[in-house]
Amino acid sequence: MNLSDSQKEAVHYGLGPLLVTAGAGSGKTRTLTERVIHLINSDIEPERIVAITFTNKAADEMRSRIVKGVGHANKKKLPYIGTFHAFCARILRKEAKNLGRDHNFGIFDNDDSLRVIKKSINSLGLAENKKVSPALLLKGISNAKMELLTSDSLESPLKEVFEDYETRLQEQNAFDFDDLITKVVELLSDNPAKLKKYQDQFDYILVDEYQDINRAQYVFIKLLSQKHGNINVVGDDQQSIYAFRGANIKTFLDFERDWPGAKIVHLGENYRSTGNIVGAAAKVIENNRLQIRKKLWTQNPGGAPVSVLGTYSAEEEADLIASEITERGFRPSAILYRTNAQSRAIEQSLNFHSIPYEMYGGVKFYDRKEIKDILAPLRYALNPKDQVSRERIEKAFLKKISEKLITELPKMAQTLGLMELIGYILKTTDYFEYLIKKFDNALERTENVRELISFASEFNSLGDFMERVALLNANDSINRLGEKDAPVKLMTIHLAKGLEFDDVYIAGVDDGVLPHHRSFFNEEDIEEERRLMYVAMTRAKENLTLSFHSIASRFLYEMPPELIKFKKAGQFEEETIYLD
């Protein structure tokens, strides 16, 4: 495929800062790759070019394209192409002694770091404090590092734990994952000679997915580029959806302020989706205030209208989606949702309809730890001879709690209803508080448990509920055969970014789900939710289906009625929503 005029303008740009603002499906990564190839073929020494991506997969794809695109004489010499963390780790290996380590330092993952945090908590005498959560402290330290904050700016007990944690890392000749970037920033900021060394080493810094960088990454590339000013970045502010990872859309929007005289190139042509999908998505995202305005368009045919399904329940919604997938002949499809808890009803319906599916980048609902932790006591209550469930109880909970559950549950099952029994388990284990202390994604896990409770409320007895769950798991095991080749992929919208599918179904387009209810009180949070909606819609190439089962999302009303076809479930009252 030939480059468009806008792509050519970006690829052939000369010296100085360059920002390429690219709409979804506009070929932004290809443009960045072609820019690297152009620089190499223009006799820029490859080793003086750095191309930074966010994933190893993206780096591998870029490297492969560059090898094919450069002249024969340059094939043995390639620029550095890799992630922020990999590039900074290379620098740390050379400079470790300046940061109190040697070049054989270890890199601690999240589990390693959590173990160190727990030791810090114990040594500081905080172990008995019920308000102290190792997972939340580790998350606080990670956030502080991403924001380049020192311990002096933190409050107790985070301040003390941070300082003890840092000491222990140094004693063990280790860095954590965040350190790979923050320690390099620290080195370059505090040591002018080291800064000059690395500034002199590279002439061009190119960055993909610029809208996703956090403050530490931003400062790093600014330090590296400020001497020559040849910083070339590509991204889409309308797809900035990682605020929870420290990304700040204002970093993207402020590029011209940070780099006066920067060249701005807009890529608005979508090569992926039909005209109706592009038109509907463009109308949704234009409602955001924080963005660089650009026209989104396509030369692709208009295609089918965007389908909107109105239903009464999550189960009915999932059944309608399953029916549509069957009617369309099992085409390559994705079912996207805002939160992992939503997958329960969808998985259930796909299993019922014998539709093979793959849980992309996640864990199936009934395989999640928090779901197993609640189901095991219920299974044991129903059948005290179930040793597998008993062992799960003993493993999941403290001895005092597990002994109480094992003793009381069989008796409780004789007198309490299903919902009362679940309530007893949650109260006895203080399960929601346990999740907060144990996991940094406690809110997501809590939503999963609440979804299980909601499903259980549909049953009159413990036996009926456990039988249904067992049958669902049995069907799921059958459908897992060949799931990697399954035509249907299930994933959150966050995981779908960068992917594309013939057909896309977005489930739960309800106010309170998308946008999420936690965003209601902050306009910037609502705008991030709208960007999530935009990302989800623009994954579709040919057919896009949006469904809701409660209160239709405000985002549905932002789409032009002429681009939408509304379908209702059997008893759904059409007058409850006005989309046309």
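Calculation notes
- Residues numbered from 1 in each chain as written.
- Predicted model: local features only at pLDDT ≥ 70, side-chain atom pairs only at ≥ 80, totals over all residues.
- Heavy atoms only, no water.
- UniProt positions renumbered as here; feature names shortened; annotations may be inferred.
- Domains from an automatic or database assignment.
- Contact = heavy atoms within 4.5 Å.
- Buried area = accessible area lost by both parts, 1.4 Å probe.
- Salt bridge = Lys/Arg side-chain N within 4 Å of Asp/Glu carboxyl O.
- Polar contact = N/O pair within 3.5 Å; in protein donor to acceptor, adjacent residues only side chain to side chain.
- pLDDT = per-residue confidence, 0-100.
- Helix = DSSP H or I, 4+ residues; strand = E, 2+ residues; numbered from the N terminus.
- Buried < 20%, exposed > 50% of the residue type's maximum accessible area, 1.4 Å probe, protein only.
- Pairing = 2+ DSSP bridges.
- Axes fitted to C-alpha atoms, helices over the stretch in contact; angles between N-to-C directions.

Going by an unreviewed UniProt entry, the protein chain carries the name DNA 3'-5' helicase and comes from Candidatus Colwellbacteria bacterium GWA2_46_10. Listed under Sequence similarities (unreviewed entry) in UniProt, the entry text for the protein chain is "Belongs to the helicase family. UvrD subfamily."

## Observations concerning the domain arrangement of the protein chain
On domain assignment, one finds that the protein chain holds domain 1 (5-89 + 182-269), domain 2 (106-172), domain 3 (303-356 + 485-568) and domain 4 (366-475). A separation of 33 Å is found between the C-alpha centroids of domain 1 and domain 3. Contacts between the two partners involve 16 residues from domain 1 and, on the opposite side, 10 residues from domain 3. The largest contributions to the domain 1 side of the interface with domain 3 come from Gln238, Gln239 and Ile241, which together make up 46% of the buried area. Inspection of the domain 1/domain 3 interface yields three salt bridges. Residue Asp212 is joined to Lys497 by a salt bridge in which the shortest nitrogen-to-oxygen separation is 3.1 Å. Inspection of the domain 1/domain 3 interface yields 10 residue pairs in polar contact (both at pLDDT 80 or more).

## A few points about the confidence of the model for the protein chain
When pLDDT is averaged along the protein chain, the result is 92; 95% of the residues meet or exceed 70. Confidence drops under pLDDT 50 across residues 574-578; counting only partners more than four residues distant or on other chains, this segment forms eight contacts.

## Things to note about the pattern of salt bridges
If you walk through the whole model with that rule in mind, you get 45 salt bridges. Asp179 serves as the salt-bridge partner of Lys145, at 2.8 Å between the closest nitrogen and oxygen. In this pair, Lys145 sits in helix 6 (residues 134-146) while Asp179 sits in helix 8 (residues 179-190), placing the two residues 34 residues apart along the sequence. Taken individually, Lys145 and Asp179 each receive the classification buried, so the pair is uniform in this respect. A salt bridge links Lys489 to Glu358; its shortest N-O distance comes to 2.7 Å. Of this pair, Lys489 sits in strand 12 (residues 488-492) while Glu358 sits in strand 11 (residues 357-359), placing them 131 residues apart in sequence. As far as the burial class goes, Lys489 and Glu358 line up, both buried. Shared partners join several salt bridges into a network, and the residues in it are Lys145, Glu166, Asp176, Asp179, Lys183 and Glu186.

## A few points about helix 10 (residues 215-225)
The buried count for helix 10 comes to nine of 11 residues, which makes it a mostly enclosed element. When helix 10 is considered as a whole, its buried residues turn out to be Ala216, Gln217, Tyr218, Val219, Phe220, Ile221, Leu223, Leu224 and Ser225. The opening residue of helix 10, the one whose side-chain oxygen lies 3.1 Å from the backbone nitrogen of Ala216, is Asn214.

## Brief notes about the pairing of strand 9 (residues 306-310)
Most of strand 9 is tucked away: five of the five residues are buried. Here strand 9 shows no split at all, with Val306, Val308 and Gly310 on one side and Ser307 and Leu309 on the other all buried. Two elements, strand 9 and strand 15 (residues 564-568), share five bridges in a ladder whose sense is parallel. Counterpart to Val306 in the pairing with strand 15 is Ile564. In this structure, strand 9 lies alongside strand 14 (residues 540-548), joined through four bridges in parallel fashion. Paired with Gly310 across the bridge in strand 14 is Phe548.

## As for the UniProt feature "binding site: ATP" (unreviewed entry) in the protein chain
According to UniProt, the "binding site: ATP" (unreviewed entry) feature falls on Ala22, Gly23, Ala24, Gly25, Ser26, Gly27, Lys28 and Thr29. In this structure, Ala24 sits in the loop between strand 1 (18-22) and helix 2 (28-41). Structurally, Ser26 is set in the loop between strand 1 and helix 2. The exposure class assigned to Ser26 is buried, which follows from its relative accessible area of 3%. Ignoring any residue separated from it by four or fewer positions in sequence, one finds Ser26 in contact with Gln7, Leu267, Glu269 and Tyr271.

## A look at the sheet that holds strand 12
Sheet architecture is open: seven strands sit in the order 11-12-10-13-14-9-15, paired in parallel fashion. Looking along the sheet, the strands with just one partner apiece sit at the ends: strand 11 and strand 15. Mean inter-strand twist for the sheet, computed between neighbouring axes without regard to direction, equals 20°. Bridge count between strand 11 and strand 12: three bridges; the pairing is parallel. Its bridge partner lying in strand 12, Glu358 is registered against Lys489. Packing of helix 14 (residues 314-327) onto the sheet brings it into contact with strand 9, strand 10 (333-337), strand 12, strand 13 (501-506), strand 14 and strand 15, and relative to strand 14 it is tilted by some 155°. Helix-sheet contacts for helix 24 (residues 523-537) involve strand 10, strand 13 and strand 14, and the interaxial angle to strand 14 is about 135°.

## Section: the environment of Asp258
With respect to the helices and strands, the residue Asp258 is situated in helix 12 (residues 255-258). By relative accessible area, which is 14% here, Asp258 ends up buried. Put simply, Asp258 and Asp237 are 21 residues apart on the chain and 16 Å apart in space, counted from C-alpha to C-alpha. Filtering out sequence-adjacent residues up to four positions away, Asp258 remains in contact with Tyr218 and Lys222. Of note is the side chain of Asp258, whose polar atom sits 3.2 Å from the side chain of Arg257.

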